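# Working through the structure, step by step
The chain contents come next:
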Amino acid sequence: MTYPSCTSALALLVAPALALASSAQAVDIWTVGVDNTRQGWNRSETVLKAANVPRLKKIRDFPVDEKIDVSPLVVGDKLYVFTMTNTAYVFDVNTGAELVKRQLAAPFDPADIANPPEKGMDLHNMYRNWGITATPVIDVATNTLYVTTFGKPNAASQNTERNNMLWILDASTLANKKPPVLIAGNADNGVGGIANGFTTPYQKMRAGLGLLTEAGGNKAVVVSFSINGENPNGPGHGFVVAYDVRGLNRDVGFTPTPAIWNVTPGGGAGGVWMSGSGPAIDADDIYLATGNGMDPGTKPNNFAESFVKLRYTAGVSGANNGKPTLAVIDYWGAFSDFERRDKAAPQDRGAAQDQDLGSAGVVLIPARGNLIGGGKDGILYNLNKDNLGKSTWDPHFNLPFVATYLPNAPNGPAGLPTNTAANPNWPIVKLDRNLPAQTPTGKSYHIHGTPVYMERASSGILFVWGENERLKAYNYDFATKRIASFSAQGMQVASGNDPGMPGGRLVVSSNGTSPGTGVVWGTYPVLGDANSKVVHGALVAYDATPAANGKLTQLFHSKPDELGFFAKYSTPVVANGKVYVGTFSNKVVQYGL
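Residues numbered from 1 in each chain as written. Predicted model: local features only at pLDDT ≥ 70, side-chain atom pairs only at ≥ 80, totals over all residues. Heavy atoms only, no water.

### Here we look at the overall build of the protein
As a reminder of what qualifies: Each helix is a run of DSSP H or I of at least 4 residues and each strand a run of E of at least 2, with the numbering of both proceeding from the N terminus. Burial classification: accessible surface area is computed with a 1.4 Å probe over protein chains only, and a residue below 20% of its type maximum counts as buried, one above 50% as exposed, and the rest as partly exposed. Whether two residues are in contact is decided by their heavy atoms: any pair within 4.5 Å suffices. Under the convention used here, a 1.4 Å probe and the Shrake-Rupley method define accessible areas, while residue burial counts only the protein chains that appear.
Helix and strand counts for the protein come out as four helices and 34 strands. In the protein, which comprises 593 residues, the proportion classed as buried is 60%. Within the protein, contacts between residues separated by at least 24 positions form 61% of all contacts whose residues are at least 6 apart in sequence. Carbon and sulfur atoms make up 52% of the accessible area of the protein, which amounts to about 21000 Å² in all.

Here's what the structure looks like:
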């Protein structure tokens, strides 16, 4: 009789237990920013922690056919990757095997820089294919993948004929679960409609898709649009579009007829792009930030340069094709492009007209009541999610403060107000302070990567990495709901000594609030302007608990040229002991222990 070795017998006993433990610990990253709060916090990471991240190494590449301009997604043992040829891939995270791929639509060539901005799509001639530019979303409960494409109707179509499509796919096979939908129609709140075919100016889909579950349990898919050209007088507008999933499924009494909300019905522009982040969603409410254009102070009922809270109402079977509705229920009008233009020095007027509050996404802290966001000013806003204020400072937890660099007085050492009660006349409210002529080094410090937030046992911490600067950490106070003080900063300067966009793209991971498990991860352009050219990138990880000396402790940095070219709209993903980074080198890079 042959007996198994002690090691083999132990392995037979342990293997099933390990498999069960692995399954129990698995976390799904089904949307950009980890979940609908867009906090970027994976609070269920049980493998990677500060003590072992220094042992991180590259495991493999997942090769694809073109640049990746959106964030990867991970559900179970599957990695989802989407490229600029409108191609979706599914890989096995453990073996690297390509399980399935499908090209959903023919891409177009955007690099005709002879066209004016309202017709061309790629000002800097960086792309030769344009396709999936909004991170898709996966409904894990129904195994449904929702993807938007912007491409030609077919390969033989003219390059200037372009359609916006929403695809409803089986997340395992990429087969159609329901027929795709042309995203089309006119706004419900005024003039303007989605541009398809040969219509110009074209919209752009940059913001990640949202998946909403309203109070009645019905779901909706949320798609956002920015606009080429950004003419504040039109034509062209930003939009938010919401589809009742029952309409996408063609349930009885429903058709795929969306709610369409125009950001600037009385003007133009007002794009919703947020550098690839998605709208924050809390039950029926959708929170977002908008870009350049007509604002509520310049023209009522226009919401450019604003934080906006939309209320979604599901459709009713048999009524208006089951069409849902979107309505503004609150907003904060941060500033006006038109007031700021005259304040800038002549050499800065171009910058003053391109302030883009919505160049980064918003962070929602539902349990504590905060909505946090900022844009090209480098200024962060900390708002009451239940009272955004419209045009008054009163409900704000903080006055706006410069967060991406450490400015001069009167802001204190980190640009934060002192402990004095907030005063609407406080000198910190100097909205032009981040024009290059007024910054300490004469550079711009835009926020493009959405800030990330995590909690410890008794306080929170917020991270932001602006362009031409180092990663910054700020302390968040539970009792006052304020971003209370500057904490620490990292080592690397995004873009190095060659100024450029977009700063770093961040996520944070921890095992709940357990000490020693918090890690903040970032990708950044090592040297050069990643907005106008293809440059090398790197992955860096820091201990999320700042050291007492005002420094963040670096735990890991990728080797030179290991990652490849930086993908300016792709946020890294941390899931189940692995890290995934999309690149412009036609691959996702996987790291692990």
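### Digging into the nonpolar core
Counted only if it meets this: In this text, buried Ala, Val, Leu, Ile, Met, Phe, Trp, Tyr and Cys residues form a nonpolar core when linked through side-chain atoms within 4.5 Å.
By size, the foremost hydrophobic cluster in this structure holds 51 residues, and its most contacted members are Y80, F82, L145, Y146, V221 and V241. Here the element with the most residues in this core is strand β9 (residues 163-170); it accounts for five residues. What Y146 contacts, discounting residues up to four positions off in sequence, is P136, V137, D139, L166, W167, I168, L209, L211, V221, V245 and L248. In this structure, A220, A242, L288 and Y312 belong to the second largest nonpolar core, which totals 21 residues.

### Describing the sheet that holds strand β3 (residues 73-75)
The strands that make up a sheet pair up through hydrogen bonds in the backbone, lying either parallel or antiparallel. Stated precisely, the cut-off is as follows: A pair of strands is considered paired only if DSSP assigns at least 2 bridges between the two. To get an axis, fit a line to the C-alpha atoms, keeping to the stretch in contact for a helix; angles then go from 0 to 180 degrees between the N-to-C directions.
Reading across from one edge, β3-β4-β5-β6 is the order of the four strands in this open sheet, with antiparallel pairing throughout. The strands lining the two open edges of the sheet, one partner per strand, are β3 and β6 (98-103). For this sheet, the mean inter-axis angle between neighbouring strands, taken without regard to orientation, is 15 degrees. Sheet topology note: the strand β4 (residues 78-82)/strand β5 (residues 87-92) ladder contains five bridges and is antiparallel. When the sheet's bridge partners are listed, Y80 is paired in β5 with V90.

### Let's talk about the pattern of salt bridges
Inclusion rule: Whenever a carboxyl oxygen of Asp or Glu lies within 4 Å of a side-chain nitrogen of Lys or Arg, that contact is scored as a salt bridge.
Enumeration over the complete set of coordinates arrives at 16 salt bridges. A salt bridge links K385 to D386, with the shortest nitrogen-to-oxygen separation between them at 3.0 Å. Judged by its relative accessible area of 51%, D386 falls in the exposed class. Shared partners join several salt bridges into a network, and the residues in it are K58, D61 and K587.

### So, the sheet that holds strand β10 (residues 176-182)
Reading across the sheet, the four strands line up as β7-β8-β9-β10 and stay open at both edges, with antiparallel pairing between neighbours. The strands lining the two open edges of the sheet, one partner per strand, are β7 (137-139) and β10. Put simply, the sheet's adjacent strands are angled 20 degrees from each other on average, direction ignored. Of the pairings in the sheet, the one linking β7 to strand β8 (residues 144-151) comprises three bridges and is antiparallel in character. Of the residues in β8, the one forming a bridge with D139 is T144.

### A look at unusual backbone geometry
Excluding glycine, most residues fall at negative phi; most peptide bonds, likewise, are trans. Going from T200 to P201, the amide bond is cis rather than trans, its omega being 0 degrees. Tracing the sequence through the fold places P201 in the loop between β10 and β11 (203-204). Within the chain, A269 stands out as a residue other than glycine whose phi angle is a positive 65 degrees. Considering the arrangement of structural elements, one finds A269 in the loop between β15 (259-262) and β16 (280-282).

### As for the packing of aromatic side chains
What counts here: Note on ring pairs: Phe, Tyr and Trp rings are taken, using the six-membered ring of Trp, and paired if centres are within 6.5 Å. Classes follow the plane angle, with under 30 degrees stacked, over 60 edge-to-face and the rest tilted. Consider the ring centre and the ring normal. A charge sits over the ring if Lys NZ or Arg CZ is within 6 Å of that centre and within 35 degrees of that normal.
Per the counting criterion, the structure on display carries 19 aromatic pairs. Note on F556 and Y591: the rings are 5.7 Å apart at their centroids and 70 degrees apart in plane angle, and the pair reads as edge-to-face. Within this pair, whereas F556 is found in strand β31 (residues 554-557), its partner Y591 is found in strand β34 (residues 587-592), the two being separated by 35 residues in sequence. Side by side, F556 and Y591 carry an identical accessibility label, which is buried. The structure contains a cluster of three or more aromatic residues connected by ring pairs, namely F108, Y127, W130, F150, Y202 and F584. The cationic tip of R43 hangs over the ring face of W41; the distance from NZ or CZ to the ring centre is 4.0 Å. Of note, K67 hangs over the ring of F584, and the distance from its end group to the ring centre comes to 5.9 Å.

### Quick word on the side chain of N292
Our working rule: Under the rule applied, a polar contact is a pair of N or O atoms within 3.5 Å (in protein, one hydrogen donor and one hydrogen acceptor; residues adjacent in sequence only if both atoms are side-chain atoms).
Following the sequence through the fold, N292 ends up in the loop between β17 (285-289) and β18 (306-313). The class for N292 is buried, based on a relative accessible area of 3%. For N292, the side chain forms a polar contact with the main-chain nitrogen of D356, separated by 2.8 Å.

### Brief notes about the side chain of K152
Using the following cut-off: The positive count covers Lys and Arg only, the negative count covers Asp and Glu only, and His and the chain ends enter neither.
One can find K152 in the loop between β8 and β9. The buried charged residue K152 lacks any salt bridge partner; its closest oppositely charged side chain belongs to E161, at an N-O distance of 8.9 Å. Separated by 3.4 Å, the side chain of K152 and the backbone oxygen of A155 make a polar contact. Excluding anything up to four places from it in sequence, K152 contacts A105, A106, P107, F108, S157, Q158, N159 and E161.

### Structural notes on the pairing of strand β20 (residues 362-365)
Where burial is concerned, the two faces of β20 agree: the one with V362 and L364 and the one with V363 and I365 are both buried. Pairing of β20 with strand β21 (residues 370-374) involves four bridges; the strand directions are antiparallel. When the sheet's bridge partners are listed, V362 is paired in β21 with G373. Joining the antiparallel neighbours β20 and β21 is a turn of four residues, in which G369 adopts a positive phi near 95 degrees.

These values are about where atoms sit, not about what they do.
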